[in-house]
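Below, each chain spelled out in residue letters.
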Amino acid sequence: MLVLGRKKGETIVINDDIEITVTSIEGDMVRLGITAPKQITIHRKEVYLEIQEENKQATSKVINLSDFLSMRKK
Amino acid sequence: MKIQTEQFGEVELAKDRVITFDKGIPGFEEVKDYVLIPADAEGESPFFFLQSVEQVEVSFFLVDPFTFFKDYDIKLEEQMVERLQLEEPTDAIVLTTVTVKGDISSATTNLKAPLVINNKKQRGMQIVLNNKDYQIKQALFQADNTAARQV
């Protein structure tokens, strides 16, 4: 892993088209501003991992469809 | 085209029903092509399956979140609109995954990360909302919903 020291207001550039700027530092909280091309998706990692895990559990084999079919659109 | 489905066995569907998630779905990044199948033939149910065209075991159980959460509201960022090639808001279908552990009453749905599908261009993606009120594990059957259904 590459580790860089940056101060508030300083930026790093990744691959010519992604820029990450430290916008504020308060205690142990750093705010980052990210500029990236549209096709790049950016996630908070812990949220992304949680969603991956949730998707794995949302597969249809675990459900008993007849339980759900009694419900109708409102 | 014939598709093997987890829930209904082999089904025959028109080729233009295939929806492409060009980034896949988190946890299933390599699986791009799906079909959306209503849970009941009459289309009365708010539940759906998103079935992979290639891998029968990849099939998500989904719900129309607006049926259960009347105030559910999502704002698509410009970037998402462009990526999905959405021209009209009415072309978008919003569905959320359902997880059941044990009893049906414990079912939860992921309001934090809905699947958005462009019904005209057959493109889809799962987006992550910034709204802190929306939970990854939101109980599907809230007390007030249950009450309403029993009336």
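Quantities reported herein were computed from a predicted structural model and do not represent experimental measurements. (Residues numbered from 1 in each chain as written. Chains lettered and ligands numbered in written order. Predicted model: local features only at pLDDT ≥ 70, side-chain atom pairs only at ≥ 80, totals over all residues. Heavy atoms only, no water.)

Let's shift gears to the overall build of chain B. Across its full length, chain B carries three helices and 11 strands. The secondary structure elements of chain B, listed N-terminal to C-terminal, are β-β-β-β-β-β-α-α-β-β-β-β-β-α. Scaling as 2.2 N^0.38, a compact globule of 151 residues should have a C-alpha radius of gyration of about 15 Å, and chain B matches this with 15 Å. Put simply, chain B has 151 residues, and 50% of those count as buried. (Helix = DSSP H or I, 4+ residues; strand = E, 2+ residues; numbered from the N terminus. Rg over C-alpha atoms; globule rule 2.2 N^0.38 Å. Buried < 20%, exposed > 50% of the residue type's maximum accessible area, 1.4 Å probe, protein only.)

What follows is about the overall build of chain A. Within chain A, the secondary structure is distributed over two helices and three strands. When the helices and strands of chain A are read in sequence order from the N terminus, they spell out β-β-β-α-α. In terms of overall dimensions, chain A is more spread out than a globule: its C-alpha atoms have a radius of gyration of 21 Å, far above the 11 Å expected for 74 residues. Overall, the C-alpha framework of chain A stretches about 60 × 30 × 30 Å when taken along its three principal axes. The buried share among the 74 residues of chain A stands at 22%. Of the contacts formed within chain A by residues at least 6 apart in sequence, a portion of 0% connects residues at least 24 apart. Element-wise, carbon and sulfur atoms account for 52% of the exposed surface of chain A, whose accessible area totals about 5,600 Å². Positive and negative side-chain charges in chain A, numbering 12 and 11 respectively, have mean positions lying 7 Å apart. (Contact = heavy atoms within 4.5 Å. Areas by Shrake-Rupley, 256 points an atom, 1.4 Å probe, with all protein chains shown as cover. Lys, Arg positive; Asp, Glu negative; His and termini not counted. Charge placed at Lys NZ, Arg CZ, Asp CG, Glu CD.)

Empty space among the atoms becomes apparent when a probe as large as a water molecule is rolled across them. Residue and element names in this part refer to chain B. Under the counting rule described, the total for this entry stands at one cavity of 30 Å³ or more. In this structure, the largest cavity spans a volume of roughly 40 Å³. For the largest cavity, the full set of lining residues is Thr20, Asp22, Arg83, Leu84, Arg123, Gly124 and Met125. Every element with two or more residues in the lining of the largest cavity is listed here: helix H2 (78-84) and strand E10 (123-126). Top element by residues in the lining of the largest cavity is E10. It accounts for three residues. (1 Å grid on protein atoms, 1.4 Å probe; cavity = no way out; pocket = protein on both sides within 12 Å on 5 of 7 lines; lining within 4 Å. Points joined across faces, edges and corners; volume = space filled by probe spheres on them.)

So, about the sheet that holds strand E1 (residues 11-14) of chain A. Residue and element names in this part refer to chain A. Taken together, the three strands give an open sheet; going across it, the order is E1-E2-E3, and neighbouring strands pair in antiparallel fashion. One side of each edge strand has no neighbouring strand; the edge strands of this open sheet are E1 and strand E3 (29-35). Taken pair by pair, the neighbouring strands of this sheet meet at an average axis angle of 25 degrees, ignoring direction. (Pairing = 2+ DSSP bridges. Axes fitted to C-alpha atoms, helices over the stretch in contact; angles between N-to-C directions.)

Attention now moves to the packing of aromatic side chains. Across all of its chains, the model carries 12 aromatic pairs over all chains by this definition. Centre to centre, the rings of Phe68(A) and Phe61(B) are 4.8 Å apart; their planes meet at 70 degrees, and the pair counts as edge-to-face. Taken together, the residues Phe68(A) in helix H2 (residues 65-69) and Phe61(B) in strand E6 (residues 59-63) connect one chain to another. On the accessibility criterion, Phe61(B) (0% relative accessible area) is buried. Summarising the aromatic geometry, the rings of Phe47(B) and Phe61(B) are spaced 5.2 Å apart at their centres and angled 10 degrees between planes, so their arrangement reads as stacked. Linking Phe47(B) in strand E5 (residues 47-52) with Phe61(B) in strand E6, this pair joins segments that are 14 residues apart in sequence. (Phe/Tyr/Trp six-rings, centres within 6.5 Å; stacked < 30°, edge-to-face > 60°.)

So, about the pairing of E3(A). Residues and elements named next belong to chain A. The pairing of strand E2 (residues 18-26) with E3 spans seven bridges and is classified as antiparallel. Within the sheet, the bridge partner assigned to Val22 lies in E3 and is Leu32. Taking the residues between adjacent antiparallel strands as the criterion, E2 and E3 are bridged by two residues, where Gly27 takes a positive phi near 60 degrees.

Read these as spatial facts, not as claims about activity.
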